[in-house]
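Examining the three-dimensional arrangement
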Amino acid sequence: MEQVITHDVLILGTGLAGLRAAVELSIRSGGTIDIGVVSKVQIMRSHSVCAEGGTAAVMRPEEGDSLELHAWDTVKGSDFLADQDVVDKFVRTMPNEIRLLEHWGLPWSRREDGRVMQRPFGGHSFPRACMAADKTGFFEMQALYDRLLKSTNFRRYDEVFATKILLENGRFAGITVMDLPSGGFYTIRAKALLLASGGLGNLYGFTTYSQTVTGDGQAMAYQAGMALEDPEFLQFHPTGLIPSGILMTEGCRGEGGYLRNTAGERFMEKYAAKFMELAPRDIVSRSEMTEILEGRGFEGPDGLDYIHLDMTHLGADRINKRLPLIREVCMKFLGLDPITTPVPIRPVAHYSMGGVEADINGLTKVENIWAAGEVACHSLHGANRLGCNSTAECLAWGGITGEHIAKYMATGPKLANFSEAEAKDEEKRIYDGLLQQKGEENPYKIRKELRTVMDKHAGVYRDGGSMKAGLEKVKGLQERFAHVSVKDKGRIYNSNLMNTLETGNLLELAEVLLTAALAREESRGGHARTDFTTRDDERFLQHTLVNRDASGKPKLSYKPVTLVHWKPVERKY
Ligand SMILES: Cc1cc2nc3c(=O)[nH]c(=O)nc-3n(C[C@H](O)[C@H](O)[C@H](O)COP(=O)(O)OP(=O)(O)OC[C@H]3O[C@@H](n4cnc5c(N)ncnc54)[C@H](O)[C@@H]3O)c2cc1C
């Protein structure tokens, strides 16, 4: 590979958001925009292939669904922190995204009348999760990848790890990357960047996320001076399999699965009598934890006490047709068949509502950097995302950012110059510094300890004292991280080195999350404090922004929420 590579547009990340944007750019430019797509894994190993249950869209207005209802469900689910203009744009965009994927060959599950099957999902008052059995993300990725392969104007950089965003006078100039197979270090320049690098689930030990999901994009943006918005809102999904954390999709409850405590009770009746198991995730996760903390959970390994997800009444036919992956996972990992036996589950770290601050079109505060997918915060999900709204967000803002970047390219922007010295310094930091240093600390041990700290101090229920203690521990781990030693000293496919850089990113994001969470002295959506138990709209109906100050520490500020249709009311389900 050349030392400096140039494209018109660079897309960092090839999950659903990145691929959808690449397809849109390619179509809109008629193949004239030269695109580079960078991923630290092979395209089809991007985390999005794991998405299971479905993608939200209003497809059946004549049967009672409506854009207004989808918008209301999303806003209420967000505990009123979503920006309502963004929600409007989202619900309007989605039906067409589903039809596009249909045209691009996605084999949706079908109803008997041949239409796309949609199942119920938590917090949605109409069955609107478009599904391909319980492998929706895989089929969406495959359809987008197939469509992209029809274009000739893109170059893929698989197994290429981005380390830094380079700016010139506040404009995007390039990124520095490690090419894992060759061990080379390069700069990729472009006139515009789309950040589509996914979430940060590996901040936690008990998580649904792939090992690769380490918040690199959020950390790089933060280090480059961009703000992270609402990072304290981390979603705990109600049904993580014990002890691995593998996701048991909300589709299990969408298909009719029950949650039961040790007495066999469907305890959700106490917490959300109408929606029951299909209340929004923040509410179901809190209810499960309350059952466990009050002694009505089952005793699990390593403190992972649990609840039962009971699908035994659904019947073999329904489970085999609609939840085949779930059955396979339960049988392979636990030797348990959900057709006959309840599944042990508990709340699990699942999704980051926060991310890089971006406007309604995905544009960040840097004039030529956009963000889409889980890395971004367009303020769609507010304090709590509804299930099946994330793959939907990736598709919607993949398309929207693709469109806006194409328009930007039509204005004839110039390449910004990058500082060669800065790129060289980054190479030295990694290869002469981090790789060569002979410290006594093991980076894997630090990552493991960090994840335990986050499980313990920033979980479903939080309080000031515990979060402060967690923050101190994170700072201690940051100090120890300065003395790590990377075991593999070679340059070729050095995954030790990549994992160490990822851990550095996670440490920084942990500090950001805890700092923002400590300052938010209220309970809202996924942020539930035992010392501030109610929502406080007077003080906190606003988005958190976190910037890195000159000394490298998080600095907080706030901005208002956009309310268009609805004022906050009490959430009842
Ligand atoms: C098990 C599971 C099931 C889910 N099911 C659903 C569902 O049914 N419905 C729903 O709406 N949501 C679901 N979600 C959430 C949803 O899958 C994700 O939010 C979404 O897929 C994220 O897509 P993305 O394109 O933003 O990022 P990803 O798919 O994570 O892609 C990120 C890309 O960025 C690249 N990247 C990251 N860092 C770097 C770096 N430093 N250098 C180079 N490349 C980099 C990666 O290689 C990858 O290509 C699920 C989540 C999980 C964990």
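Structure report, in brief. Starting from 1, residues in each chain are numbered consecutively following that chain's sequence as written. Whole-chain, interface and lining totals are the exception, using all residues; otherwise, since this is a predicted model, local features are given only for residues with pLDDT of at least 70 and side-chain atom pairs are given and counted only at 80 or more. Excluding hydrogens and water, the side-chain values take into account all heavy atoms of the structure.

What about unusual backbone geometry?
For residues that are not glycine, phi is negative in most cases, and the peptide bond is trans in most cases. The omega torsion of the bond from Ile242 to Pro243 falls at 0°, within 30 degrees of zero and hence cis. Along the chain, the position of Pro243 falls in the loop between β13 (234–241) and α6 (251–254). Unlike most non-glycine residues, Phe80 shows phi in positive territory, near 70°. Strands here mean DSSP runs of E at least two residues long; helices mean DSSP runs of H or I at least four residues long; both are numbered from the N terminus. Note on placement: Phe80 falls in the loop between α2 (67–77) and α3 (84–103). Think of it in three bands: with a 1.4 Å probe and only protein chains considered, a residue is buried below 20% of the maximum accessible area for its type, exposed above 50%, and partly exposed in between. Residue Phe80 is classed as buried on the basis of its relative accessible area, which comes to 0%.

Comments concerning the environment of Ala273
Its place among the elements puts Ala273 in the loop between α7 (268–271) and α8 (281–293). On the basis of relative accessible area, Ala273 is assigned to the exposed category, the value being 54%. As a C-alpha pair, Ala273 and Gly300 span 27 residues in sequence and 27 Å in three-dimensional space. Any two residues whose heavy atoms approach within 4.5 Å at even a single point are treated as in contact. Aside from chain neighbours lying at most four places away, what touches Ala273 is Met268 and Tyr573.

Regarding the site of the ligand
Here, proximity means that at least one heavy atom of the residue falls within 4 Å of the molecule or strand. Near the ligand lie 38 residues; those nearest to it are Ser46, Ser48, Gly53, Glu374 and Thr391. Identification of polar contacts relies on pairs of N or O atoms within 3.5 Å, with a donor-acceptor requirement for protein atoms, meaning one able to donate a hydrogen and the other able to accept it, and with residues adjacent in sequence counted only if both atoms are side-chain atoms. One of the backbone N or O atoms of Gly53 is found 2.7 Å from an oxygen atom in the ligand. The contact in question runs from a nitrogen atom of the ligand to an N or O atom on the backbone of Gly54, over 2.8 Å. For the ligand, the accessible surface in isolation is 1000 Å², of which the surrounding protein chains cover 97%. Only α1 (16–28), β3 (35–39), β8 (160–168), β16 (343–352) and α11 (390–410) provide two or more residues apiece to the shell around the ligand. When the residues that make up the shell around the ligand are grouped by side-chain class, the tally is 16 nonpolar, 17 polar and 5 charged. Only the protein chains shown count as covering a residue, and every accessible area follows the Shrake-Rupley method with a 1.4 Å probe. Three residue categories are used. Nonpolar comprises Ala, Val, Leu, Ile, Met, Phe, Trp, Tyr, Cys and Pro, charged comprises Asp, Glu, Lys and Arg, and polar comprises the others, including Gly.

Looking at the packing of α2 against α3
Where helices are involved, their axes are fitted lines through C-alpha atoms of the stretch in contact, as for all axes, and angles between N-to-C directions lie from 0 to 180°. The N-to-C vectors of α2 and α3 enclose an angle of 135°; their axes lie 9 Å apart at closest approach. Our classification of the angle between α2 and α3 gives oblique. Remark: the crossing between α2 and α3 carries right-handed chirality. Where α2 abuts α3, its residues Leu67, His70, Ala71, Thr74 and Val75 lie against Gln84, Val87, Asp88, Phe90, Val91, Arg92 and Pro95. Of the residues belonging to the contact of α2 with α3, the class tally is 7 nonpolar, 3 polar and 2 charged. Oblique is the label for any angle not covered by the other classes, which are roughly parallel (under 35 degrees), roughly antiparallel (over 145) and roughly perpendicular (65 to 115). Note: crossing handedness is left-handed where the near helix turns anticlockwise from the far helix by less than a right angle, and right-handed where it turns clockwise.

Side note on the packing of aromatic side chains
Here a Phe, Tyr or Trp ring, Trp counted by its six-membered ring, pairs with any other such ring whose centre lies within 6.5 Å, and the pair is stacked when the planes are under 30 degrees apart, edge-to-face when over 60, and tilted otherwise. Scanning all chains against the criterion turns up 10 aromatic pairs. Pairing Phe90 with Trp397 gives two aromatic rings, centres 6.2 Å apart and planes at 15°, and the pair type is stacked. Of this pair, Phe90 sits in helix α3 while Trp397 sits in helix α11, and the two are 307 residues apart along the sequence. Judged by relative accessible area, Phe90 falls into the buried class, the value being 0%. With relative accessibility at 0%, the residue Trp397 sits in the buried group. Within the aromatic cluster, the residues linked to one another by ring pairs are Trp72, Phe80 and Trp566. The rule for a charge over a ring is simple: NZ of Lys or CZ of Arg within 6 Å of the ring centre, and within 35 degrees of the ring normal. One cation-aromatic arrangement involves Arg385 over Tyr351; the distance from NZ or CZ to the ring centre is 4.0 Å. Lying over the aromatic face of Tyr431, Arg491 brings its terminal NZ or CZ to 3.5 Å of the ring centre.

Purely geometric numbers; function is a separate question.
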